[in-house]
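Examining the three-dimensional arrangement
What follows is each chain in one-letter form.
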Amino acid sequence: MAEVIRRQHIDADVEHHGFGFQESDDADVPVPFPDDFTDREFLNPFPGRLDIRSAGHTHTASITVEVWNGPPPEPDSTEWDEHAEADFESSRGEVAVWSMGLGRAGDVITLADSGGSWRVRVGCLGRRAAAALSEQEGTGHGAEKYLVRFWPAVRGASAHLSVHGRPHAATRASRATA
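None of these values were measured; they are calculated from a predicted model.

**Considering the overall build of the protein chain**
For the protein chain, the count of helices and strands is two helices and twelve strands. Counted from the first residue to the last, the protein chain has its helices and strands arranged as β-β-β-β-β-β-β-β-β-α-β-β-β-α. Counting the 178 residues in the protein chain, one finds 45% classified as buried. Looking at the protein chain alone, contacts between residues at least 24 apart form 75% of all its contacts between residues at least 6 apart.

**Some points on the nonpolar core**
Nonpolar side chains in soluble globular proteins tend to end up buried together. If you look at the biggest cluster of nonpolar residues, it comprises 27 residues, and the most contacted ones within it are F19, F21, I63, Y146, V148 and F150. At the level of secondary structure, the elements contributing two or more residues to this core comprise β1 (4-14), β2 (18-23), β4 (49-53), β5 (59-68), β6 (82-90), β7 (94-99), β9 (116-125) and β10 (141-152). In this view, I63 contacts Q8, H9, I10, A12, F19, F21, Y146 and V148; residues no more than four positions away in its chain are not counted.

**Focus on the pairing of β10**
Here seven bridges tie β5 to β10, and the two strands are oriented parallel to one another. The partner of T64 across the bridge, within β10, is L147. Here β9 pairs with β10 via eight bridges, running antiparallel. Following the sheet pairing, W118 is matched in β10 by P152.

**Focus on the environment of P152**
Secondary-structure assignment places P152 in strand β10. Given the relative accessible area of 33%, P152 is considered partly exposed. With sequence-adjacent residues up to four places away left out, P152 is seen in contact with W68, N69, G70, S117 and W118.

**Examining the side chain of R119**
Among the secondary structure elements, R119 is positioned in strand β9. The exposure class of R119 is buried, given its relative accessible area of 7%. There is a polar contact of 2.7 Å between the side chain of R119 and the side chain of E85.

**What to know about the pattern of salt bridges**
In the structure shown here, the tally under the stated rule is eleven salt bridges. Measuring nitrogen to oxygen at the nearest pair gives 2.7 Å for the salt bridge that ties R149 to E66. Linking R149 in strand β10 with E66 in strand β5, this pair joins segments that are 83 residues apart in sequence. For E82, the salt bridge is made with R127, and the minimal N-O distance between the two is 4.0 Å.

**A closer look at the side chain of T64**
Locating T64 in the fold gives a position in strand β5. Judged by its relative accessible area of 16%, T64 falls in the buried class. Side chain to side chain, T64 and H9 meet in a polar contact 2.9 Å long. The contact partners of T64, leaving out residues within four places of it in the chain, are R7, Q8, H9, Y146, L147 and V148.

Rules used in this analysis
- Residues numbered from 1 in each chain as written.
- Predicted model: local features only at pLDDT ≥ 70, side-chain atom pairs only at ≥ 80, totals over all residues.
- Heavy atoms only, no water.
- Helix = DSSP H or I, 4+ residues; strand = E, 2+ residues; numbered from the N terminus.
- Buried < 20%, exposed > 50% of the residue type's maximum accessible area, 1.4 Å probe, protein only.
- Contact = heavy atoms within 4.5 Å.
- Core = buried A, V, L, I, M, F, W, Y, C linked by side-chain atoms within 4.5 Å.
- Pairing = 2+ DSSP bridges.
- Polar contact = N/O pair within 3.5 Å; in protein donor to acceptor, adjacent residues only side chain to side chain.
- Salt bridge = Lys/Arg side-chain N within 4 Å of Asp/Glu carboxyl O.

Structure follows, in structure tokens:
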């Protein structure tokens, strides 16, 4: 049975409905955050980065990041407002949270001592509250809560992204052409 090997609690500065997880050193990323950010997907993977679309425009989200030594238990989809899964390649084994305007946050999330292939699952609660904050003046703190779980990818498995248990559009398109 898989176990949590590391857990961190961090805050993310959300601006323009977005933030991301990206290689700690952005020199390792071909398209750095927030370039090509889209507000159409809750979780949008790029090489070396993961973009997350928040329901709120400007606020501080509360994030728990867990690194597992194997696949964590499947979530109960009814416990999340939104959830998705993706593949992530890390060149150095260290990622950081990035915001639209402030850039890289100070906290480093250590996945491993070196680079590798990972799966990541992101779940979010409080999206309605975060959206309501966008309608008011000022910013909120902790209305949106995220649980982000990384675990080593199984070698030889095909890459895919799923949203709510359904294949993501990019996965459906790649399967159609295969």
